Each structure stands twice: as C-alpha cells, then as structure tokens.
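# Inside the fold
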There are 2 protein chains.
Amino acid sequence: MNVFVIGIGLIGGSFAKDIKRLRPNAKIYGIDTNASHLDEALELNIIDYKSSYSELSEADMVIVSIPVDVLLTEIPKILDAVNDNCVVFDGGSTKSLICKTLEDHPKRRNYLASHPIAGTEFSGPSAALENLYNGKTNIICEVEKTAFKLQEKALELFQEMGMRIRYMNPEAHDKHIAYVSHLSHISSFMLGKTVIEKEKNERDIFDMAGSGFESTVRLAKSSPAMWTPIFEQNKTNVVETLEEYISNLEAFKELLLKDDFKGIYNEMNDTNKIKEILNGIPLNKKIE
Amino acid sequence: MNVFVIGIGLIGGSFAKDIKRLRPNAKIYGIDTNASHLDEALELNIIDYKSSYSELSEADMVIVSIPVDVLLTEIPKILDAVNDNCVVFDGGSTKSLICKTLEDHPKRRNYLASHPIAGTEFSGPSAALENLYNGKTNIICEVEKTAFKLQEKALELFQEMGMRIRYMNPEAHDKHIAYVSHLSHISSFMLGKTVIEKEKNERDIFDMAGSGFESTVRLAKSSPAMWTPIFEQNKTNVVETLEEYISNLEAFKELLLKDDFKGIYNEMNDTNKIKEILNGIPLNKKIE
C-alpha cells in the first residue's frame, strides 16, 4: 500500500507512525512545503520517501494534514491527481467550508471528511506520537458522499488505530467543536496574554504559577498558523461562543462586585458537574 | 515531635504523608470538623490520632489547611492554645487579611504565613499525595514577624520536602496570585459553564471534547467551599484581573468581527512566548 502524507507534522506524522506498525508493507511518502520538516521526517523514519504531487497517481491513501485554509486549495488538486481507488482524508478542525468547496468536485467520492479529535500543543514531525489516536474520537462528515469501498479502507484503519467513529453533518460539527475546542483555545490564549501583559517581570510568574495555571494556558502554546484559519472559517460559531463566555465572565464579576458570595458559590457548585462529563471523555481510554 | 494537622484534606494530608517519611518519630494528630474525613485519614494511616484543640498545647508544629474564611477565626484560637516553642503555619491562597488579622496577636511570633503553590483539583484525605510539594514553590510572607527558631523549624521541613522558598509581602502575594491562580480558576469555571449551558445533550460534549478542553476546564472541578472565600478576600485584585481578561477577549472578538486575521495571528503569536515562561515553572522538577 502506498500512503501519501501531505503535511508531515504532529497529525500526519502520528498517522504515519501507526500505519507503519499496522501495515508493515505500507510505503509512506511525505510531501511538505517545509523542506526541513521533510528532512526531519525522513531522518526520524516517519516517512520512507520524499515525494511530490506528480507521484500522487500511485497513492492508495492520502492523508492531508495542513492548515484549513490551505486544505481548501490543495484537496481539489489532490483529488484531480489521484486514481479512482485512492481514498483522500484530512484532519481539519473545520468541516463546513471544505465540504462545500468539494461539493461538485468530480472526484468527491474519493474524499472522506474527517476530524480526529487528538493532538497536543506541539507541532512538526518531532511532535508525532505513536498511538496518539488510540481511544480518541474521529468525527466523519457526509460519509454517504464517499464511495463505499473507500470509506471501508479508511474506517478499517481508523478502527485498528483504536479510534471511536462518530458521524455528524459538517454544520453540527463546526457548531459543537466551537464550544469544546475552539473556545478553549481563545480562553487559553487570552489568559496567557492577560498574565504576560501584567507580569512584565516574568520572575513573578515563574515563581508563583502552579500546575493549575499551566493547565489553563497550555493551549496558548498552539500554532498561530494552524489556528488563525480555523477561527476564520468558523467565525460565526466562534463569535457566538465567545459572546456567551464573556457574558458569563461579566456575570461572575457582577456577583463579586455585589458581594453576592452565595451566588459565586452556586455558580461554581453548578459547574462542578463537569467532573462527571469529563469522566466520560475518552481521553486516554483504550477501546475494549 | 507532635504535629497537628487542622483540616486533613489534600493539602494537610499531603504534608502529613511527607512528614511521616522524613520524621519517622513524629506523631501526627488530626483535627477536622468533618468526622468522616477524620476517620478516613486514620484509616489511610495519614494521621496517627484524632485530636482536638484541648491537646494543642502538646504540639511542636501545627499545619492549618482549612478554607481561608475559617482561617481568620481559627488561627487566633490555635495561637492562644499552643506553647511558646510551637510553630503554626497555614496553606491559604490569600495572605493579606490573615496577616492583618494576626498583626497584634500576642503570639504572632508563633505564626508563619505560608502558601505552598501545589495542589490538584481534588479534595479530602484520599486526595493527599506523597511528594506533592517536591519541587514546588512555597511563598512565605512577613517572615521577620516569626520567631527565628520557629522559622528555622518550618523552613528546614519545607526544604527537606523539596520546596523552593520565596519571600514576599502579603499585598504583593495577593496581587500576583490573582493573575497566576485565581483568574485561571474563574476562566475555567466559566468555560465549563458556557459549554454545559450550550450542550444540554451531554453526549455531544462527551464525544467531541479532547484533551485540550479537558486541560482548560480541569480547574472547574475545584471545591466551591474553598474557592468562594478566596475570591471574597481577594476581591479587588480578582476583579481587576477579570476586567483585563474580559477586555482582551472583547478585543479578540472585535478582530474576528472585523475580519482582521493578521491581527488574530499576531495576538496568538505574541502569546506563544508563554512557552518559555511555562518551561521555567518548577511544576514537577526536583531540586538538585
């Protein structure tokens, strides 16, 4: 099997690592605009060969893990280049615009819209992790638009990688993901900004910050090149979540200003049920 | 050595566990208004005896790990009851009000104002962890007001536990800790609230949330009984941090609404330097 990984960083590289283990005969071809990433991926044995679009006709599977703005221009070209038995899937964090863009593409049936909910705040080939996807959710959109045999080829791999599959339409995906992922990133970036601005003398942060702070600002290490186009494509949903978040923060501030500490207690107590919700998140759980 | 732990939960229980290892001859006495916590602590071998204030005169060291509102009424009584060679220290997350409250106490010299920056989102004796404090910072306020020999007794223990000691005045402590701890908790609670409100159907959160969401809402599991009085005592600083945070979120939203994605990119890129700052946080680093 010839697998092409376009964008060989955390997401694509982690796919490559699992495929090497699960499909020992697979040959992994890497394509990346960043030449040093490509060298690094070869050196780390994540890919077997450097490649280019001109070889895409040989591909049995193409994994596209590039920023969501570039996806829009690249996936049509990739589809043009692949053969009829090749499945092309992506890992983008927005799904509406790419599905809309490919709606009338003659090779729409070769594309599977997917979003594996996995990652870390790091990027590049050295951030790739074996088993990153084990126990994680992979959201598939418009599955019915992909040729059945090609669905099967991709889903078999996802299942062997230990992923839980969920089907959703692209609009629902983008709306919910704004709440459980995109908003977290903004909250974290702006928290980091607030503290950095205030604490010009970094020694104070350095000494006083604990694991709680670290946890809430971890996502502020994320890549701006990856996240800017996500916010752009999912702007409407993201603005809505931001408005609700800001209004909850304002309400909390008002309770403080009114010395309504019973109200403050209740706000926190009501939100404590996040414990049970988080217990249900399959973060690192292996599938039986 | 007789060590009394008043409030035998995560913080007090973790002290007890380290003391048992480092001072094999120490006897640990537990005092708690929650009778089942006291039973649990005895069962888990965190304390050797249940005790009460009437035995406090036998104490060589008293660790007070109770909510910061209760600290204000209890520490004066504890100081009244202890002998002259006993050191009393606390783990409260606010320092101005307790220092002010004890200013004229005849036994002020027996008290050491401390705030070990350590913890988890869990509480109760079963949450106590050996080595929780190893490599963490302990902030000491108004050290000059504590009798030298008593400072020495406490600091020797802190150092053997692997803590880094920092000295700070109570007002500076409360101001900085609002940024690097208290604000993180509010940001996390309100993020949890926003998502819970929206996602009435919890199945959607359950399936789509990843480790990023988990990380940013982890602190929303924290105890409201502990956190309400912290926000009350540090209200002025907390409101200030909240206002700055809200204004940064508003500015981010405005950039989105204006389609200023270059600006969005820059906001995130500028905040990426949190990486270097977080690398400096002694979260789990052992002291050489």
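Residues numbered from 1 in each chain as written. Chains lettered and ligands numbered in written order. Predicted model: local features only at pLDDT ≥ 70, side-chain atom pairs only at ≥ 80, totals over all residues.

## Observations concerning the overall build of chain A
Put simply, the rule reads: Put simply, DSSP marks the helices as runs of H or I at least four residues long and the strands as runs of E at least two long, and each gets a number from the N terminus on. C-alpha atoms define the radius of gyration in this analysis, and the globule rule sets the expected value at 2.2 Å times the number of residues to the power 0.38. Each residue is classed by its C-beta neighbour count within 10 Å, where at least 20 other C-beta atoms makes it buried, 12 or fewer makes it exposed, and intermediate counts make it partly exposed; the C-beta atoms are placed from backbone geometry. Residue pairs are scored as contacts if the distance between their C-beta atoms, which are placed from the backbone, is within 7 Å.
A count of helices and strands for chain A gives twelve helices and eight strands. Here chain A has a C-alpha radius of gyration of 21 Å; the compact-globule value for 288 residues is 19 Å, and the two agree. Dimensions along the principal axes, computed over C-alpha positions, put chain A at roughly 70 × 40 × 40 Å. Among the 288 residues that make up chain A, the fraction classed as buried is 51%. For chain A, restricting intrachain contacts to residue pairs at least 6 apart in sequence, the fraction spanning at least 24 positions comes to 74%.

## Re the pairing of strand E1 (residues 2–6) of chain A
Residue and element names in this part refer to chain A. Selection rule: In this scheme, strands are said to pair when DSSP sees at least two bridges between them. Here is how to tell: hold the view so the strands point away, follow the path from the first strand over the helix to the second, and if it runs clockwise the crossover is right-handed.
Of all five residues in E1, four are buried; the element is thus mostly enclosed. Two elements, E1 and strand E2 (residues 27–31), share five bridges in a ladder whose sense is parallel. Bridge assignment links Asn-2 to a residue of E2, and that residue is Lys-27. What joins E1 to E2 is helix H1 (residues 10–22), and the crossover it makes is right-handed. Here E1 runs beside strand E4 (residues 61–64); their pairing, made up of four bridges, is parallel. Of the residues in E4, the one forming a bridge with Val-5 is Ile-63.

## Comments concerning the environment of Gly119(A)
As for its position among the elements, Gly119(A) is in the loop between strand E6 (111–116) and strand E7 (137–141). Assessed through the 24 C-beta atoms surrounding it within 10 Å, Gly119(A) is described here as buried. Along the chain, Gly119(A) and Asp90(A) lie 29 residues apart, while their C-alpha atoms are 14 Å from each other. Setting aside chain neighbours within four positions, we find Gly119(A) in contact with Leu10(A), Ile11(A) and Gly210(B).

## Some details on the relation of the copies chain B and chain A
Note the following rule: When the copies are overlaid, the least-squares fit takes in C-alpha atoms only where the residue has pLDDT of at least 70 in both copies.
Structural alignment of chain B on chain A gives an RMSD of 0.0 Å, achieved by rotating through 180 degrees and translating 0.0 Å along the axis. Look at the turn and shift together and you get a two-fold axis relating the two. Closest to the rotation axis within chain B is the C-alpha of Thr216(B), separated from it by 2.2 Å. Of all interface residues in chain B, 100% are interface residues in chain A too; the two copies therefore contact each other through one and the same surface.

## Notes on the interface of chain B and chain A
Definition in use: Any residue that is not Ala, Val, Leu, Ile, Met, Phe, Trp, Tyr, Cys, Pro, Asp, Glu, Lys or Arg is counted as polar, Gly included; the first ten are nonpolar and the last four charged.
Between chain B and chain A, the residue contacts involve 82 residues of the former and 82 residues of the latter. Elements supplying a minimum of two residues to the side of chain B that touches chain A: strand E7 (137–141), helix H6 (170–198), helix H7 (202–208), helix H8 (211–217), helix H9 (224–233), helix H10 (235–257), helix H11 (261–271) and helix H12 (274–279) of chain B. Take the side of chain B that touches chain A: its biggest share by element is 20 residues, from H6(B). In terms of residue class, the side of chain B that touches chain A is built from 42 nonpolar, 22 polar and 18 charged.

## Some thoughts on the environment of Asn85(A)
By secondary structure assignment, the location of Asn85(A) is in the loop between helix H3 (68–81) and strand E5 (87–90). Between the alpha carbons of Asn85(A) and Ala147(A) there is a distance of 9.2 Å; along the sequence they are 62 residues apart.

## Here we look at the domain arrangement of chain A
Residues and elements named next belong to chain A. Stated formally: Domain start and stop positions are those given by an automatic or database domain assignment.
Split by domain assignment, chain A resolves into domain 1 (2–168) and domain 2 (173–279). When each unit is reduced to the centre of its C-alpha atoms, the spacing between domain 1 and domain 2 is 31 Å. The interface is formed by 14 residues belonging to domain 1 together with 15 residues belonging to domain 2. Elements represented by at least two residues in the side of domain 1 that touches domain 2 include exactly H3, helix H4 (96–102) and E7. Tallied by class, the residues present in the side of domain 1 that touches domain 2 amount to six nonpolar, five polar and three charged.

## Details of the nonpolar core
The test is simple: We call a set of buried Ala, Val, Leu, Ile, Met, Phe, Trp, Tyr and Cys residues a nonpolar core when their C-beta atoms link them within 7 Å.
The biggest cluster of nonpolar side chains holds 172 residues, and the ones touching the most others in it are Val5(A), Val62(A), Val88(A), Val5(B), Val62(B) and Val88(B). Apart from residues lying up to four places away in sequence, Val62(B) is in contact with Phe4(B), Ile6(B), Leu56(B), Ile78(B), Val82(B), Cys86(B) and Val88(B).

## Notes on the sheet that holds strand E8 (residues 164–168) of chain A
Residue and element names in this part refer to chain A. Heads up, the rule is: To obtain an axis, a line is fitted to C-alpha atoms, over the contacting stretch when the element is a helix, and the angle between two such axes runs from 0 to 180 degrees between their N-to-C directions.
Ordered by their spatial adjacency, eight strands build an open sheet running E3-E2-E1-E4-E5-E6-E7-E8, and the pairing between neighbours is mixed. Sheet topology places strand E3 (49–50) and E8 at the edges, where each strand pairs with a single neighbour. Examined bridge by bridge, E6 and E7 share four bridges and lie antiparallel to one another. Its bridge partner being in E7, Pro-116 is matched across the sheet by Asn-138. Sitting on the sheet, helix H6 (residues 170–198) is in contact with E6, E7 and E8, with an inclination near 140 degrees to E7.

## Here we look at the pairing of E5(A)
Look at any regular strand and the pattern is simple: side chains alternate between the two faces of the sheet. Residues and elements named next belong to chain A. The alternating pattern of E5 places Val-87 and Phe-89 on one face and Val-88 and Asp-90 on the opposite face, and all of these are buried. Sheet topology places E4 next to E5; four bridges connect them, and they run parallel. In the sheet register, Met-61 faces E5, and the bridge partner there is Val-87. Note that the unit made of E4, H3 and E5 has a crossover that is right-handed.

## Looking at helix H9 (residues 224–233) of chain A
When you tally the buried positions in H9(A), you get seven out of ten residues, the bulk of the element. In this structure, the buried residues of H9(A) make contact with H3, H4, H6 and helix H10 (235–257) of chain A together with H10 and H11 of chain B.

## Notes on the sheet that holds E7(B)
Residue and element names in this part refer to chain B. Spatially, E3-E2-E1-E4-E5-E6-E7-E8 is the arrangement adopted by the eight strands of the open sheet, whose pairing is mixed. Only two strands of the sheet have a single neighbouring strand rather than two, namely strand E3 (49–50) and strand E8 (164–168). Sheet strands touched by H6: strand E6 (111–116), E7 and E8. Its angle to E7, the strand with the most contacts, is close to 140 degrees.

## Regarding the packing of H6(A) against H10(B)
Put simply, the test is: Working definition: roughly parallel below 35 degrees, roughly antiparallel above 145 degrees, roughly perpendicular at 65 to 115 degrees, and oblique for all remaining angles. Working rule for handedness: look at the near helix, and if it is turned counterclockwise from the far one by less than a right angle, call the crossing left-handed; if clockwise, right-handed.
One way to put it is that H6(A) packs onto H10(B) with a least axis distance of 9 Å and a crossing angle of 125 degrees. By the criterion of interaxial angle, the relationship of H6(A) to H10(B) is oblique. In terms of crossing hand, the pair formed by H6(A) and H10(B) is right-handed. Residues Ile186(A), Met190(A), Leu191(A), Lys193(A), Thr194(A) and Lys198(A) of H6(A) touch H10(B), and the partners they reach there are Thr241(B), Glu244(B), Tyr245(B), Asn248(B), Leu249(B) and Phe252(B).

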